[in-house]
Amino acid sequence: MRHLLSVRDLTRDDAVGILDIAEDMAAVATRAVPKLPTLRGRTVANLFFEDSTRTRLSFESAAKRLSADVITFTAKGSSVSKGESLKDTAQTVAAMGVDAVVMRHHASGAARTLADGGWIDAAVVNAGDGTHEHPTQALLDAYTMRKTIHGDSARGRDLDGLRVTIVGDVLHSRVARSNAWLLTTLGASVHLVAPGTLLPPGVAGWPVTAGTDLDAAIADRPDAIMMLRIQSERMQDAFFPNEREYAREWGLTEARLTRLPADTMVMHPGPMNRGLEISSAAADSARSVVLDQVANGVSIRMAVLYLVLGAGRHSGESA
Ligand code: NCD
């Protein structure tokens, strides 16, 4: 695998292969010294043009567990135009001799622009580009679902037959986009629930069903329910009347939680707006796998860095 830009570049076998390597990486974490020498001498640059806590820390810790050198750059926003800033960044990074670039950027398509720009020779991993994609988030979500259901016999499996409901600010969510495509590639069926104003106009072209009624979706007894953060920073207009109204219609309240099957996984990519899209009762319940998602994120990112820099990189494999 040369880069990881979009989950749409992954076949079922590619995706299952990444999840399986992440299983091996998770085993490393339980050792007395949770480190592998695999990427010794390689340098990973984390370029975060947009706010992030868990994704940045997760990639850093993944690279360090593989013994890579890590340099991290964070900048909120940029006054430079998109093309210029990416080219400058790429050239700076190339001059430092970086082997992989993990990039989060506010512009949709930025990771692919960097990969295809011809400015650097490094592997590019998309850590979130605008409202477009967040491939490692979808991979860690798929991993969490597979692990929660199959435990120690997860290896080799896909998500055939799994029913996943994704709820909330789909319009602005790269997490929803990446999950819609990856989960269906893995055999799951995905249903989206959102206020009409927060369903993207193009959703008819996605491999999902969509509706506006959360109570009806809950009555359908999904295997997993993924609550999305309301992305106020991406909203110039009012997309719903007010927060109370949103929580009442589309929030995972305590009352809704009690109507879900006892084994439905409650998921959220973080950061959570408690009391808005998710109640504390749901976030902290026994059904919540929110912290498993965070822990599994490190294993997934180790697997991805290993594939773009390690075995797959020079052997001509496409993982
Ligand atoms: C997500 C993101 O940045 O797209 N968060 C994350 O990666 N932990 C989701 C979000 O910000 O709502």
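Above this note sits the structure.
What counts, and at which threshold
Residues numbered from 1 in each chain as written. Predicted model: local features only at pLDDT ≥ 70, side-chain atom pairs only at ≥ 80, totals over all residues. Heavy atoms only, no water. Helix = DSSP H or I, 4+ residues; strand = E, 2+ residues; numbered from the N terminus. Rg over C-alpha atoms; globule rule 2.2 N^0.38 Å. Buried < 20%, exposed > 50% of the residue type's maximum accessible area, 1.4 Å probe, protein only. Contact = heavy atoms within 4.5 Å. Areas by Shrake-Rupley, 256 points an atom, 1.4 Å probe, with all protein chains shown as cover. Lys, Arg positive; Asp, Glu negative; His and termini not counted. Charge placed at Lys NZ, Arg CZ, Asp CG, Glu CD. Pairing = 2+ DSSP bridges. Axes fitted to C-alpha atoms, helices over the stretch in contact; angles between N-to-C directions. Near = heavy atom within 4 Å. Polar contact = N/O pair within 3.5 Å; in protein donor to acceptor, adjacent residues only side chain to side chain. 1 Å grid on protein atoms, 1.4 Å probe; cavity = no way out; pocket = protein on both sides within 12 Å on 5 of 7 lines; lining within 4 Å. Sits in = over half its atoms within 2 Å of the grid points. Salt bridge = Lys/Arg side-chain N within 4 Å of Asp/Glu carboxyl O. Right-handed = clockwise from strand over helix to strand, strands pointing away.

Student: Even after reading the chapter, I still don't get the overall build of the protein chain, so can you show me in this structure?
Tutor: Of regular secondary structure, the protein chain possesses twelve helices and nine strands. Taking 319 residues into account, the globule formula puts the C-alpha radius of gyration at 20 Å, and the protein chain, at 19 Å, falls close to it. Over its C-alpha atoms, taken along the principal directions, the protein chain stretches across nearly 55 × 45 × 35 Å. When the 319 residues of the protein chain are sorted by exposure, 55% land in the buried category. A separation threshold of at least 6 residues defines the contact pool for the protein chain, and within that pool the share at least 24 residues apart is 77%. Carbon and sulfur atoms provide 49% of the accessible area of the protein chain, an area that totals close to 13200 Å². Across the protein chain, the 34 positively charged side chains and the 37 negatively charged ones have centroids separated by 4 Å.

Student: Hey, could you run me through the sheet that holds strand E7 (residues 209-211) in this one?
Tutor: Backbone hydrogen bonds are what pair the strands of a sheet, in a parallel or an antiparallel way. Across the sheet, which stays open at both edges, the five strands sit in the order E7-E6-E5-E8-E9 with parallel pairing between neighbours. Only two strands of the sheet have a single neighbouring strand rather than two, namely E7 and strand E9 (265-267). Pairs of neighbouring strands in the sheet enclose a mean axial angle of 20°, with direction left out of account. With five bridges joining them, strand E5 (residues 163-167) and strand E6 (residues 189-193) adopt parallel strand pairing.

Student: Looking at this model, I keep getting lost on the site of the ligand. Mind explaining?
Tutor: Surveying the vicinity of the ligand reveals the residues Arg54, Thr55, Arg104, His134, Gln137, Arg174, Val175, Arg229, Gln231, Pro269, Gly270 and Pro271. The separation between an oxygen atom of the ligand and a polar side-chain atom of His134 is 2.7 Å. A distance of 3.3 Å is found between a nitrogen atom of the ligand and a backbone nitrogen or oxygen belonging to Pro269. Taken by itself the ligand offers 310 Å² of open surface, and the protein chains cover 94% of this. Judged by the fraction of its atoms near the pocket grid, the ligand is located in the largest pocket.

Student: Would you take a moment to explain the side chain of Arg177 for this structure?
Tutor: Along the chain, Arg177 turns up in helix H6 (residues 174-185). No salt bridge is formed by the buried Arg177, whose closest oppositely charged neighbour, Asp169, lies at an N-O distance of 7.5 Å. At a separation of 3.3 Å, a polar atom in the side chain of Arg177 contacts the main-chain carbonyl oxygen of Thr131. A polar atom in the side chain of Arg177 sits 3.1 Å from the backbone oxygen of Val170. Leave out the neighbours within four places in its chain, and Arg177 touches Thr131, His132, Val170, Leu171, His172, Pro200 and Trp206.

Student: What am I meant to see in the pairing of strand E2 (residues 69-74) here?
Tutor: The sheet contact formed by strand E1 (residues 43-48) and E2 spans six bridges and is parallel. Looking at the pairing, Asn46 lines up with Thr72 of E2.

Student: Would you explain the pairing of strand E4 (residues 123-129) in this entry?
Tutor: Regular strands show a simple pattern: their side chains alternate between the two faces of the sheet. The element E4 is extensively covered by neighbouring structure, given that seven of its seven residues are classed as buried. As judged from the five bridges shared by strand E3 (residues 100-105) and E4, these two strands associate in the parallel manner. When the bridges of E4 are listed, Met103 appears paired with Asn126. Assessed by its sense of winding, the connection that carries the chain from E3 through helix H4 (residues 110-116) to E4 is right-handed.

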